[in-house]
Amino acid sequence: QVQFVESGGGLVQPGGSLRLSCTTVGSIFNFYQVGWYRQAPGKQRELVASITITRGGFIRYADSVKGRFTISNDNSKNTVYLQMNSLKPEDTAVYYCNRDPPNEDSWGQGTQVTVSS
């Protein structure tokens, strides 16, 4: 089973930026669609952004991050990125990547993003 690995989280002040990276262990991105998800304390996991891993792929964003977050992929590096700008305290969560729709057996450990002054 494919396992996703996330990195790049950290503590940042409101208005700051972070770039998250997502790759897989022992496999290549041969999925049609990959998404970034997040789960804040006491809340359900939600899809933040999603991208098609093919040329001219389809991209979608949650309304809460449109205009601030950008998802992209580099197939040569087997990596999907999430560039997060203008971060807000409500963006604080553990961020995960997975297929879209997700495979429940493929969740990784996630990476913590904390937005606080």
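Residues numbered from 1 in each chain as written. Predicted model: local features only at pLDDT ≥ 70, side-chain atom pairs only at ≥ 80, totals over all residues. Heavy atoms only, no water.

*Asks:* Could you give an account of the pattern of salt bridges, with specific residues and numbers?
*Replies:* As enumerated under the stated definition, the model contains five salt bridges in all. Between R60 and D100 there is a salt bridge, with the nearest N and O atoms lying 2.7 Å from each other. Within this pair, whereas R60 is found in strand β6 (residues 59-61), its partner D100 is found in the loop between β9 (93-99) and β10 (111-115), the two being separated by 40 residues in sequence. The partner of K66 in a salt bridge is D63, with the nearest N and O atoms 3.1 Å apart. Where salt bridges share partners, they join R38, E46, R68 and D91 into one cluster. (Salt bridge = Lys/Arg side-chain N within 4 Å of Asp/Glu carboxyl O. Helix = DSSP H or I, 4+ residues; strand = E, 2+ residues; numbered from the N terminus.)

*Asks:* Tell me about the state of the cysteines, and name the residues and values.
*Replies:* Enumeration over the complete set of coordinates arrives at one disulfide. With its sulfur 2.0 Å from that of its partner, C22 forms a disulfide with C97. Every disulfide takes its handedness from the sign of the S-S torsion; for C22 and C97 that torsion is 85°, giving right-handed. Taken as a pair, C22 in strand β3 (residues 18-25) and C97 in strand β9 lie far apart in primary sequence, 75 residues in all. (Disulfide = S-S within 2.5 Å.)

*Asks:* Provide a residue-level description of the packing of aromatic side chains, including the pertinent values.
*Replies:* The final tally for this structure, using the stated rule, is two aromatic pairs. Between the aromatic rings of Y96 and W107, the centroid separation amounts to 5.7 Å while the plane-to-plane angle is 80°, which identifies the pairing as edge-to-face. Within this pair, whereas Y96 is found in strand β9, its partner W107 is found in the loop between β9 and β10, the two being separated by 11 residues in sequence. The same class applies to Y96 and to W107, which are both buried. (Phe/Tyr/Trp six-rings, centres within 6.5 Å; stacked < 30°, edge-to-face > 60°. Buried < 20%, exposed > 50% of the residue type's maximum accessible area, 1.4 Å probe, protein only.)

*Asks:* Describe the sheet that holds strand β1 (residues 3-7), with residues and values.
*Replies:* One open sheet holds the four strands; their spatial order is β1-β3-β8-β7, and the pairing between them is antiparallel. Looking along the sheet, the strands with just one partner apiece sit at the ends: β1 and β7 (69-74). Between one strand axis and the next, the sheet turns by 20° as a mean value, whatever way the strands run. (Pairing = 2+ DSSP bridges. Axes fitted to C-alpha atoms, helices over the stretch in contact; angles between N-to-C directions.)

*Asks:* Tell me what's going on with the side chain of Q33, and back it up with residues and numbers.
*Replies:* You can see Q33 is positioned in strand β4 (residues 33-39). Here T52 takes part through its side chain, which lies 2.5 Å from a polar atom of the side chain of Q33. Among all residues touching Q33, those that are not within four sequence positions of it are S50, I51, T52, F58, R99 and D100. (Polar contact = N/O pair within 3.5 Å; in protein donor to acceptor, adjacent residues only side chain to side chain. Contact = heavy atoms within 4.5 Å.)

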